[in-house]
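Below, each chain spelled out in residue letters.
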Amino acid sequence: MRVSLFVPCFVDQLAPQVGLATAKVLKRLGHDVEFRAEQTCCGQPSFNSGQWDVAREGAIRALQVFRGAEVVVGPSGSCVAMIKKFYPELLKDTPHLAAAEDLAARTFEFSEFLVNQLGVTDVGAKFAKKVTYHDGCHALRELRLKEEPRQLLRAVKGLELIESEEGESCCGFGGLFSAKFPMISTAMVQVKGGALARTGADFVVSSDPSCLLQIGGWLSREGKPILPLHIAEVLAHDA
Amino acid sequence: MADARSDILARIREALTVKAPKPHFKAEATAGQPVKVAKPWLPDGGETLDASLLILAEQLAKLKAVLIRVPDEAAAGQAVADLARAKAWKQVAYHGAPLVRPVAAALPCASWEADASFEKQKLEGCDASITSCESIVAQLGSILVSSASSGGRALSILPHVHVVVARVDQVVPDLATALAQLQAEHGAQMPSMLSFITGPSRTGDIERILVLGAHGPKELYLVLVG
Amino acid sequence: MSDAKQIFIKDATLNAADGDQRAFIRKALGGYYVNRDLQKARYRDWERARDAASLAKWTAVNDLANQLEKFTANFERNGGIVHWARDSAEARAIILKIAADVNAKAIVKSKCMTSEEIHLNDALEKAGYGVVESDLGEFIQQLRGEPPYHFVFPCMHVKREAISELFTKHLGTAPTDSPEELTMIARRHLRQLYVDADIGITGANFLVAETGQISITENEGNARLTAALPRIHIALSGIEKVVNRLDDLAVLLPMLATAGAGQPMTCYNTLYAGPRKPGECDGPEQFHLVLLDNARTRLLADPEQRDALHCIRCGACLNVCPIFKNIGGLAYGTTYQGPIGSVITPHLRGLKQWNHLSSASSLCGACTDACPVRIDLHHHLLHNRRNAMKQSPSLFDRVFHAGFGFVMKRPALFALGGKVFLATLPLLKKLPLPYMSAWLKTRDLPVAPPKSFRDQWKDSAHG
Ligand code: SF4
């Protein structure tokens, strides 16, 4: 299958290794991977801020960028939810609706793609560490992905998966919310990050780089001995 | 200026000229149909009377209500008299219903047919009340009382202890059945008050810690005859 | 910035930093989660029950005028008296007039959020009536001179020591740290008040069109006493509380209790059809119902968010909301707190003044999952944000997003911007930039990688 990578803008900037790991796993499974360099941002920051006109332009651009792609796979539940759930809403009363629905049907979050589209749970990874998993809210509640990443992690050789308290609680990122309401956002990550740290895991793994930015940023500031890691990085690990 | 009623109704009609899409739900298949449709997604109320009675017993226990099963009316009188002695009741108010009168007559303490000569201050001074009920909902452990079946509005709520005397055949599986039965029985002439009582009065208002007997009865007994 | 927003930011920031209080709230809700899950497990299909509950409310709300006419006709046939109020002032005037007409002195109330909405107590007290809240939580809040913290659990934020002190001060009782004893103090204090009151005021959870009954849900029994002992009963209800059929309650009553409080049923679910009937031994002589619009029709006119009128005020969305749990209910400054409050308050009281509540959310969606009638709560927060932007965008947002949109459409510029961002990140972290410093106050940012993904991809064999 020819997979077109959808690399969210802050993965591009702040976590390029996540994009590379995603490509590595897909290739290991025998798929062709392309990256269409004209892609920019999915428009979610504007969408969430109520600037739907700006977001709509971003959405229409994305429809053009990914036109003709067999499947689009992104290592972010949040940005994929933007395409799958919110593009059709955003473009509801426009001539672009059909294209939006078409792209939504061809776009998948990374773990969703592996488990539900490819039917793969064991990608041949080895990672002899204790990890706990954080469900990003978009993956969990917009895309209804809960078991998929866990199935993948359980199949990783040597990996021990520990569930945390506050399992379904939000990390408090919420995009610009984390900066517009920093104290509320911080209170939320205190609850979430505290629960993750109490698991005694070496890594907190998630399919959402934005959550990892928030959780990792707080864990690092508090000096907690647990590191953020994207699920693609775990699955890419084979030595 | 139009009166408030026509104004509000006009605003509503105006607002509803723009339709909201009807949600596509699985439950739609049975919504809007006449009652008696079992609602197979709600908690189970039991398909047979025996199953219902088991569920009822379990629900009442969880609610901290006390279920007393007795074979006949004489045993019911005996059971309530024992309670009165154990709790040292001095004055008991009761509803003058056929099932209740003999029970009241067997009491070892003073009793008063409250609905025959109602006085709220006197009721306030009673230790316990005894009433009948309309039906009992196994699914939820609820006892349906009414101003008709339970001696008015206050009798089943003001005293510290409430004893309900009922026959086993008053147990229905679920809430839908209880409501349907009410409509069949009373039609457009519903008693002015109907209340599903689910366990003794309770509150969690202080630190979400459960306390029984907030304003209504602290103790609830269901004496089931048959 | 609106006044309401300023106060909100101040209070929310203060409360979010109060670790003790936050832990207290979490602990208080701990039992609720356990019981809710136990009760939900008894449902043979909870999701389908949600469908049924949602549909029952959809059907009523989308036929509201007809159902209200049917309801009021039946209510009057039962002997009740219906009053219509366009807004708070009209509702207050109606109730004051009834009180004057029946020559009342003492009024006892059971929990009624709609009365909070119209500030009824103030009006009654100013007119010289003695008004006592009988729900324990409301009673405590009344003594504290504070609005409810949570519309189902009004004083969940108050520690028992504070309640004991409050009772000592106002009722002269001995201090105690037992919730049981504190409850009994209130019970003893209120009992005679029911007996002596002339008017009992209650809310209504459902108005049953088919039978003309109103349904009231409560745990303590205070609403039942309020509607039994005084000679006049006044119920105050929003117009959206209608359900078409009695049978709808077979779904709604258990779900309200399970979703909101983790109970199979609330302790007392009571249906009232008129005042005392001939042959009944007690009950009020008159039964009045005040139906309140107060901008509900404005919400009704928005088909996108009309489902917010399906709300049965169970409180589940508050109980699971991380914002509510961390800033507390009082910080909202609204009658209805939490997610549902953030959704409807802009409609009821003005978008410009209240949109900040919609912004103060990470959009996690826990509320929407918890809602027994499937209100699309967190998406409505997005809708409010969009509507607010259309109405009156802030200068910052306009400039920021216009710029962002400009760059988003130009991949080369986007890539260049990225390069500049990465190169200057160490410097940016040191500058007093508004959002950046807000983030960095409590969280680190990762060290900038030497090259972006797109550059590494280009450099590698793929490109
Ligand atoms: S919005 Fe839903 S969850 Fe929140 S109070 Fe209303 S019915 Fe309950």
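In this numbering scheme, every chain counts its residues from 1 along its sequence in written order. Chains and ligands are labelled by the order in which they are written, letters from A for the one and numbers from 1 for the other. Note on the predicted model: pLDDT of at least 70 is required for a residue's local features to be given, and 80 or more for side-chain atom pairs to be given and counted; whole-chain, interface and lining totals, by contrast, use all residues. Hydrogens are left out, water is left out, and the side-chain values use all remaining heavy atoms of the structure.

**What about the interface of chain C and chain B?**
Accessible area lost on assembly of the parts is the figure often given for the size of an interface.
Part 1: It only takes one pair of heavy atoms within 4.5 Å for two residues to be counted as in contact. Counting residues at the interface gives 100 residues for chain C and 90 residues for chain B.
Part 2: The term buried area refers to how much accessible surface (probe radius 1.4 Å) is lost by two components on association, counted for both of them together. For the chain C and chain B pair, buried surface summed over both sides reaches about 8400 Å², with 59% attributable to carbon and sulfur atoms.
Part 3: Only one rule defines a salt bridge in this text: a Lys or Arg side-chain nitrogen within 4 Å of an Asp or Glu carboxyl oxygen. Summed over the shared surface of chain C and chain B, the number is 8 salt bridges.
Part 4: Between Glu124(B) and Arg191(C) there is a salt bridge, with the nearest N and O atoms lying 2.6 Å from each other.
Part 5: The term polar contact refers here to a pair of N or O atoms within 3.5 Å; inside protein, the definition further demands a hydrogen-donor-capable atom paired with an acceptor-capable atom, and it admits residues adjacent in sequence only when both atoms are side-chain atoms. At the boundary of chain C and chain B, one finds 52 residue pairs in polar contact (both at pLDDT 80 or more).
Part 6: What counts as a helix is a DSSP run of H or I of at least four residues, what counts as a strand is a run of E of at least two, and both are numbered from the N terminus. Sort the elements by how many residues they give to the side of chain C that touches chain B and helix H10 (residues 179-196) of chain C lands first, with 11 residues.
Part 7: Of the residues belonging to the side of chain C that touches chain B, the class tally is 51 nonpolar, 21 polar and 28 charged.
Part 8: Note: two strands are recorded as paired if DSSP finds a minimum of 2 bridges between them. Both strand E9 (residues 193-197) of chain B and strand E9 (residues 268-272) of chain C contribute to a ladder of 5 bridges, which runs antiparallel. Along E9(C), the bridge assignment pairs Met193(B) with Tyr272(C). Only Asp, Glu, Lys and Arg are considered charged in this grouping, and only Ala, Val, Leu, Ile, Met, Phe, Trp, Tyr, Cys and Pro are considered nonpolar; every other residue, Gly among them, is considered polar.

**Points about a nonpolar patch on the surface**
Residues and elements named next belong to chain C.
Part 1: Exposure above 30% relative accessible area and the lack of any salt bridge qualify a residue for a patch; like charges then connect within 9 Å, and the nonpolar side chains Val, Leu, Ile, Met, Phe, Trp and Tyr within 5 Å. All accessibility values rest on the Shrake-Rupley procedure with a 1.4 Å probe; residue burial counts only the protein chains present in the view. Taken together, Phe 406, Leu 413, Leu 416 and Val 420 make up a surface patch of nonpolar side chains, about 350 Å² in accessible area.
Part 2: Per-element tally for the nonpolar patch: the top contributor is helix H22 (residues 411-430), with 3 residues.
Part 3: Tracing the backbone through its elements, the reader meets Leu 413 in helix H22.
Part 4: The cut-offs for exposure are 20% and 50% of the maximum accessible area for each residue type, with area from a 1.4 Å probe on protein chains only; residues under the lower value are buried, those over the upper are exposed, and the others partly exposed. With relative accessibility at 34%, the residue Leu 413 sits in the partly exposed group.

**Overview of the interface of chain C and chain A**
Part 1: Chain C puts 63 residues into the contact, and the matching count from chain A is 66 residues.
Part 2: When chain C packs against chain A, close to 5600 Å² is buried across both sides, 64% of that on carbon and sulfur atoms.
Part 3: In terms of surface lost to chain A, no three residues of chain C exceed Met408(C), Arg443(C) and Phe453(C), which account for 13% of the buried area on that side.
Part 4: For the interface between chain C and chain A, the tally reads 6 salt bridges.
Part 5: Arg144(A) serves as the salt-bridge partner of Asp369(C), at 2.8 Å between the closest nitrogen and oxygen.
Part 6: The interface formed by chain C and chain A includes 27 residue pairs in polar contact (both at pLDDT 80 or more).

**Points about a negative patch on the surface**
Part 1: A residue counts as positive if it is Lys or Arg and as negative if it is Asp or Glu; His and the chain ends are not included. In plain terms, the charge of a residue is placed at NZ if it is Lys, CZ if Arg, CG if Asp and CD if Glu. Together, Glu161(C), Glu165(C), Asp177(C) and Glu181(C) give the surface a local cluster of negative charge.
Part 2: Along the polypeptide, Asp177(C) turns up in the loop between helix H9 (160-171) and H10.

**Observations concerning the sheet that holds strand E1 (residues 81-85) of chain C**
Strand pairing in a sheet is mediated by backbone hydrogen bonds. Such pairs are either parallel or antiparallel.
All names here are of chain C.
Part 1: Pairing is parallel across the open sheet formed by 6 strands, whose spatial order is E1-E10-E7-E4-E2-E3. The strands lining the two open edges of the sheet, one partner per strand, are E1 and strand E3 (130-133). Taken pair by pair, the neighbouring strands of this sheet meet at an average axis angle of 20°, ignoring direction.
Part 2: Lying over the sheet, helix H5 (residues 88-101) contacts E1, strand E4 (199-202), strand E7 (232-238) and strand E10 (286-292), oriented at roughly 145° with respect to E1. What counts as an axis is a line fitted to C-alpha atoms, over the stretch in contact for a helix, and the angles between N-to-C directions run from 0 to 180 degrees.

**Quick look at the confidence of the model for chain C**
Part 1: Residue-level confidence of the predictor, termed pLDDT, takes values from 0 up to 100. Per-residue pLDDT for chain C has a mean of 95; in total, 99% of the residues score no lower than 70.
Part 2: Both confidence scores are given for the complex: pTM 0.95, ipTM 0.95.

**Thoughts on the packing of aromatic side chains**
Part 1: What counts as a ring pair is set by centres within 6.5 Å for rings of Phe, Tyr and Trp (its six-membered ring), and what kind of pair is set by the plane angle: stacked under 30 degrees, edge-to-face over 60, tilted for all other angles. Evaluation of the coordinates by the stated rule reveals 21 aromatic pairs over all chains.
Part 2: Arranged with centres 4.9 Å apart and planes meeting at 55°, the rings of Phe75(C) and Phe287(C) form a pair that is tilted. Of this pair, Phe75(C) sits in helix H4 (residues 64-77) while Phe287(C) sits in strand E10, and the two are 212 residues apart along the sequence.
Part 3: Accessibility expressed as a relative area gives 1% for Phe287(C), which makes it buried.
Part 4: Plain terms: the ring middles of Phe139(C) and Phe167(C) are 6.0 Å apart, the flat faces sit at 50° to each other, and that makes the pair tilted. Placement of Phe139(C) in helix H8 (residues 136-144) and of Phe167(C) in helix H9 is noted, with a sequence separation of 28 residues between them.
Part 5: Note on Phe167(C): relative accessible area 0%, which makes it buried.
Part 6: We note Arg208(B) situated over the ring of Phe153(C); from NZ or CZ to the ring centre the distance is 3.5 Å. Charge over a ring is defined by NZ of Lys or CZ of Arg lying within 6 Å of the ring centre and within 35 degrees of the ring normal.

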